[in-house]
Amino acid sequence: MSTATSPIESVLVENRVFPPPAGFSAKAAVSGMDQYQALCTEAEKDYQGYWARLARENVVWTKPFTQVLDDSNAPFFRWFADGELNASANCLDRHIGTPVEHKTAIIFEADDGQVTKVTYRELLERVSQFANALKAHGVQKGDRVLIYMPMTIEGVVAMQACARIGATHSVVFGGFSAKAVQERIVDVGASVVVTANYQMRGGKELPLKAIVDEALALGGCEGVRHVFVYERTPTACAMVAGRDKTFGEVLQGQSTECAPVAVEAEHPLFILYTSGSTGKPKGVQHATGGYMLWARQTVNWTFDLKDSDVFWCTADIGWITGHTYVAYGPLAAGATQIVFEGVPTYPNAGRFWQMIERHGCTIFYTAPTAIRSLIKAADSDEKVHPKNWNLSSLRLLGSVGEPINPEAWMWYHKHVGGERCPIVDTFWQTENGGHMITPLPGATPLVPGSCTLPLPGIAAAIVDEAGNDMPDGAGGILVVKKPWPSMIRTIWGDPERFKKSYFPEELKGYYLAGDGAVRSADRGYFRITGRIDDVLNVSGHRMGTMEIESALVAKTDLVAEAAVVGRPDDLTGEAICAFVVLKRGRPHGEEAKQIAKELRDWVAKEIGPIAKPKDIRFGENLPKTRSGKIMRRLLRSLAKGEAITQDTSTLENPAILEQLADTH
Ligand code: ATP
Ligand code: MG
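Residues numbered from 1 in each chain as written. Chains lettered and ligands numbered in written order. Predicted model: local features only at pLDDT ≥ 70, side-chain atom pairs only at ≥ 80, totals over all residues. Heavy atoms only, no water.

- Under the annotation held in an unreviewed UniProt entry, the protein chain carries the name Acetyl-coenzyme A synthetase and is attributed to Comamonas terrae.
- Heading Catalytic activity (unreviewed entry) of the UniProt record for the protein chain holds this comment: "acetate + ATP + CoA = acetyl-CoA + AMP + diphosphate".
- One UniProt comment on the protein chain, placed under Cofactor (unreviewed entry), says "Mg(2+)". (UniProt positions renumbered as here; feature names shortened; annotations may be inferred.)

Section: the UniProt feature "domain: Acetyl-coenzyme A synthetase N-terminal" (unreviewed entry) in the protein chain
Link 1 in the chain: When the UniProt feature table is mapped onto this chain numbering, "domain: Acetyl-coenzyme A synthetase N-terminal" (unreviewed entry) sits at residues 36-91.
Link 2 in the chain: Helix makes up 48% of residues 36-91 and strand makes up 16%, while its end C-alpha atoms are separated by 26 Å. (Helix = DSSP H or I, 4+ residues; strand = E, 2+ residues; numbered from the N terminus.)

Describing the site of ligand 1
Link 1 in the chain: In the vicinity of ligand 1 lie 20 residues, with Gly276, Ser277, Thr278, Thr430 and Asp515 positioned nearest.
Link 2 in the chain: The separation between a nitrogen atom of ligand 1 and a polar side-chain atom of Asp425 is 2.7 Å.
Link 3 in the chain: Expressed as a share of its isolated accessible area of 630 Å², the protein-covered part of ligand 1 is 95%.
Link 4 in the chain: Split by residue class, the shell around ligand 1 holds four nonpolar, nine polar and seven charged. (Near = heavy atom within 4 Å. Polar contact = N/O pair within 3.5 Å; in protein donor to acceptor, adjacent residues only side chain to side chain. Areas by Shrake-Rupley, 256 points an atom, 1.4 Å probe, with all protein chains shown as cover. Nonpolar A, V, L, I, M, F, W, Y, C, P; charged D, E, K, R; others polar.)

Observations regarding the pairing of strand S18 (residues 336-340)
Remember that side chains alternate between the two faces of the sheet whenever the strand is regular.
Link 1 in the chain: S18 sits mainly inside the fold: five of its five residues count as buried.
Link 2 in the chain: What you see with S18 is no split at all: Thr336, Ile338 and Phe340 on one side and Gln337 and Val339 on the other are buried throughout.
Link 3 in the chain: Where strand S5 (residues 104-109) lies against S18, four bridges are found, and the strand directions are parallel. Note on S18: the bridge partner recorded for Ile106 is Gln337.
Link 4 in the chain: When strand S17 (residues 310-313) meets S18, the two strands line up parallel, connected through three bridges. Residue pairing across strands places Trp312 opposite Ile338, the latter belonging to S18.
Link 5 in the chain: The parallel pair S17 and S18, bridged by helix H11 (residues 320-332), forms a crossover whose chirality is right-handed. (Buried < 20%, exposed > 50% of the residue type's maximum accessible area, 1.4 Å probe, protein only. Pairing = 2+ DSSP bridges. Right-handed = clockwise from strand over helix to strand, strands pointing away.)

Some words on the sheet that holds strand S6 (residues 115-119)
Link 1 in the chain: Strand order in the open sheet formed by seven strands is S6-S5-S18-S17-S19-S20-S21, and the pairing between neighbours is mixed. The sheet terminates laterally at S6 and strand S21 (423-425), the two strands that pair on one side only. Between one strand axis and the next, the sheet turns through 20° on average, direction left out of account.
Link 2 in the chain: The sheet contact formed by strand S19 (residues 363-366) and strand S20 (residues 396-399) spans four bridges and is parallel. For Ile363, the partnering residue across the bridge sits in S20 and is Leu396. (Axes fitted to C-alpha atoms, helices over the stretch in contact; angles between N-to-C directions.)

Remarks on the packing of aromatic side chains
Link 1 in the chain: Within the structure shown, the criterion is met by 39 aromatic pairs.
Link 2 in the chain: Pairing Trp294 with Trp301 gives two aromatic rings, centres 6.0 Å apart and planes at 90°, and the pair type is edge-to-face.
Link 3 in the chain: Since its relative accessible area comes to 1%, Trp294 is described here as buried.
Link 4 in the chain: A residue is classified by how much of its surface remains accessible, and Trp301, at 6% relative accessible area, is buried.
Link 5 in the chain: Sitting over the face of the ring of Trp602, Lys555 holds its NZ or CZ atom 5.0 Å from the ring centroid. (Phe/Tyr/Trp six-rings, centres within 6.5 Å; stacked < 30°, edge-to-face > 60°. Lys NZ or Arg CZ within 6 Å of the ring centre and 35° of its normal.)

Some remarks on the side chain of Asp515
Link 1 in the chain: Structurally, Asp515 is set in strand S25 (residues 511-519).
Link 2 in the chain: Among the residues examined, Asp515 registers a relative accessible area of 7% and is labelled buried.

Observations regarding the UniProt feature "modified residue: N6-acetyllysine" (unreviewed entry) in the protein chain
Link 1 in the chain: Per the UniProt entry, the sites bearing "modified residue: N6-acetyllysine" (unreviewed entry) are Lys629 in this numbering.
Link 2 in the chain: Lys629 gets classed as buried once you look at its relative accessible area, which sits at 16%.
Link 3 in the chain: Setting aside chain neighbours within four positions, we find Lys629 in contact with Ser275, Ser277, Gly401, Glu402, Arg531, Pro623 and Lys624. (Contact = heavy atoms within 4.5 Å.)

Quick notes on the confidence of the model for the protein chain
Link 1 in the chain: Residues at a pLDDT of 70 or more form 98% of the protein chain, whose mean pLDDT is 95.
Link 2 in the chain: Here strand S28 (residues 541-543) stands out as the least confident element of the protein chain, with mean pLDDT 83; strand S4 (residues 84-85) is the most confident, with 99.
Link 3 in the chain: Every residue in residues 1-11 scores below 50 in pLDDT, and together they form 41 contacts with partners more than four places removed in sequence or on other chains.
Link 4 in the chain: Complex prediction metrics read pTM 0.94 and ipTM 0.99. (pLDDT = per-residue confidence, 0-100.)

Comments concerning the state of the cysteines
Link 1 in the chain: All chains considered together, the criterion is met by zero disulfides.
Link 2 in the chain: Counting only cysteine sulfurs, Cys162 is the nearest neighbor of Cys221, a cysteine outside any disulfide, at a range of 17 Å.
Link 3 in the chain: As a non-bridged cysteine, Cys451 has Cys40 as the owner of its nearest cysteine sulfur, 14 Å distant.
Link 4 in the chain: Here Cys451 falls in the buried class, since its relative accessible area comes to 3%. (Disulfide = S-S within 2.5 Å.)

Describing the packing of helix H10 (residues 288-301) against H11
Link 1 in the chain: Running from amino to carboxyl end, H10 crosses H11 at an angle of 80°, the nearest separation of the two axes being 8 Å. Comparing their axes, H11 and H10 come out roughly perpendicular. Here Tyr291, Met292, Ala295, Arg296, Thr298 and Val299 of H10 lie close against H11, whose contacting residues are His323, Thr324, Tyr325, Tyr328, Gly329, Pro330 and Ala332. (Parallel < 35°, antiparallel > 145°, perpendicular 65-115°, else oblique.)

Things to note about unusual backbone geometry
Link 1 in the chain: At the junction of Ala74 and Pro75, the peptide bond is cis and its omega measures out at 5° in the coordinates.
Link 2 in the chain: Take Pro75: it is sitting in the loop between strand S2 (69-70) and strand S3 (78-79).
Link 3 in the chain: The peptide bond linking Tyr346 to Pro347 adopts the cis configuration, its omega dihedral lying at 0°.
Link 4 in the chain: Tracing the sequence through the fold places Pro347 in the loop between S18 and helix H12 (351-359).
Link 5 in the chain: Positive phi is not limited to glycine here, since Phe80 has a value of about 55°.
Link 6 in the chain: Locating Phe80 in the fold gives a position in the loop between S3 and S4.
Link 7 in the chain: We note that Ser539 has phi near 50°; this positive angle belongs to a residue other than glycine.
Link 8 in the chain: For Ser539, the position within the fold is in the loop between strand S27 (536-538) and S28.

Some thoughts on the pattern of salt bridges
Opposite charge on two side chains permits pairing when their charged atoms draw close.
Link 1 in the chain: The full count for this structure, using the stated rule, is 45 salt bridges.
Link 2 in the chain: One salt bridge in this structure joins Arg358 and Glu109, with 3.1 Å as the shortest N-O distance. Of this pair, Arg358 sits in helix H12 while Glu109 sits in strand S5, and the two are 249 residues apart along the sequence.
Link 3 in the chain: Its relative accessible area of 1% is what places Glu109 among the buried residues.
Link 4 in the chain: Each of Lys209, Asp213, Arg243 and Asp244 takes part in one network of salt bridges that share partners. (Salt bridge = Lys/Arg side-chain N within 4 Å of Asp/Glu carboxyl O.)

Considerations on the nonpolar core
Link 1 in the chain: If you look at the biggest cluster of nonpolar residues, it comprises 150 residues, and the most contacted ones within it are Trp51, Phe80, Leu123, Val194, Met292 and Tyr328.
Link 2 in the chain: For Tyr328, the contacting residues outside a window of four places in its chain are Ala87, Cys91, Met159, Gln160, Ala163, His169, Leu269, Tyr291, Met292 and His323.
Link 3 in the chain: Counting 32 residues, the second largest nonpolar core, distinct from the first, contains Phe352, Ala370, Trp389 and Leu391. (Core = buried A, V, L, I, M, F, W, Y, C linked by side-chain atoms within 4.5 Å.)

Regarding the side chain of Arg184
Link 1 in the chain: By the secondary structure assignment, Arg184 is in helix H7 (residues 178-188).
Link 2 in the chain: Glu183 is the oppositely charged side chain nearest to the buried, salt-bridge-free Arg184, at an N-O distance of 4.2 Å.
Link 3 in the chain: Of note is the side chain of Arg184, whose polar atom sits 3.0 Å from the backbone oxygen of Ala180.
Link 4 in the chain: Ignoring anything within four residues of it in the chain, the contact list for Arg184 reads Leu146, Val172, Phe176, Tyr273, Pro281 and Thr650. (Lys, Arg positive; Asp, Glu negative; His and termini not counted.)

As structure tokens, this is what we get:
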């Protein structure tokens, strides 16, 4: 671990500020900074009272809690432990008998553009029927069900059905390999796997069930008694008699009513693996009560969700964002949301914009990686530029997953948001359950590239390696000083790794996020500077990787994406190595040399000569996790000229490593 304290931090000062539009503030859930401050003060004065109030307001309890926080076995915190609830009832049953009952819950758009809609009443019936099918196959409270599904209504139904009977789901993204699926089946001890015969992505029919078969054959999966197969396409797939059944078979004759099983607040709702950006993925265990509280509260605060909104979070249900802001939060709030099966570039890179227009989307939440790739596409082909669609229905935009480079933020603001929509840059992690540091759209003045301020009650702070507070303007380690209800409970089956990863002794019991951050001296706004392992030290100057990457991406005529890492250097201690994707494609020979020089000079001008990359390599892409995050740990090995021996199970595009290893 190292802290980033350097005058260089202050060179890239962002001066652009975007106050919330007056009309937005007037109607917002949190309207103005005074209201935000009042909530923060409430949490400071009576921390437990504050969370108890939110827990009562946001969650339907079948048995009210009398305890709030139990920290007797820290860092294994418990919240609302004697309360009972059901997560599915909190998303569905609560709306029955209200006007939401017959409202559209999900607008599903398939890869080929076909649209299917379900109301809350219909969704409840489908979830109940599926829950009965699980029960009929012996699934009980506490059993683990592995879900390996495409983005579909059925995927959400499977998750909700598990929650309904108290089974713990573990969703694995449909892009993962058999090996990754097998490891997760073994790790969680799944007894049932829910999958589809195929999935449709970008016009292609891709096998899912065949991958499950391969995974199960890898061994250690003897606990899997049944595989449920959703017939997504008419194409047949191999079925093992006795073990495998189609959805049609398991749902046959099942009632559309199923009483939700009340579980203790601490009962594990799900286990979800992290993206694997920084190491082997961790099986993050979440508790039912605290998680549901925050899923609903943050939808209300951060997205200012109203009855009339059409909400669209583009994340896959295989990621935490797809859990909290597709499968649980919007449903708990009674929203209408879009679920999209396909990819943003099919049939062309205008797909997102076309869908926003088609469905009258009002709130759009996506990842910087998608924004950067759509900018690149729009720059090279006018026809897919967002200006070709009517995006006037939008009123709010969001970003999640990685720091968003200020220039990408500006493009998103201008070309997608029509300079009218606030952007919520939401910082949070799989381990956090919901948003942590984020603007509130009716309150917080926005600064591009900054996730601004912690939500009320989230005790985020920036400290040094010994846990001492850093002054504003100086970078350091991002921590959360107090436990909060939707936090990770443990790493499934590995409490020691949980303690070591998140509560290292030297940090005074604070939760360690693993990211570096800096708070601005003027507003106290947080900006994420990169993973703490990625902090660079060049001739004694400490710099966040994000700083240099954003400077490179700010060369908007040339650069689409950039990732920066350090490698040992005899002279300067560490040298900066930049991996760059150009908008025009990968340059070679003299052209590459010429552009590298141009970029070096540019960084020197933007940040200072000390930040000049010593080595610049060009590629057609960067190594990314399947959730679209840059894997800098692999780039570090490439920069050093080492072979890659680390866990690459979540790497999306292994072929790119060879290209980037080439120093030409
Ligand atoms: P692993 O923990 O396995 O290395 P991961 O950290 O990428 O994987 P996630 O939980 O999916 O897994 O991602 C959380 C991380 O994503 C954060 O720690 C942070 O680095 C990054 N992140 C998410 N949202 C933002 C944001 N708005 N701004 C900056 N960084 C963000
Ligand atoms: Mg992480």
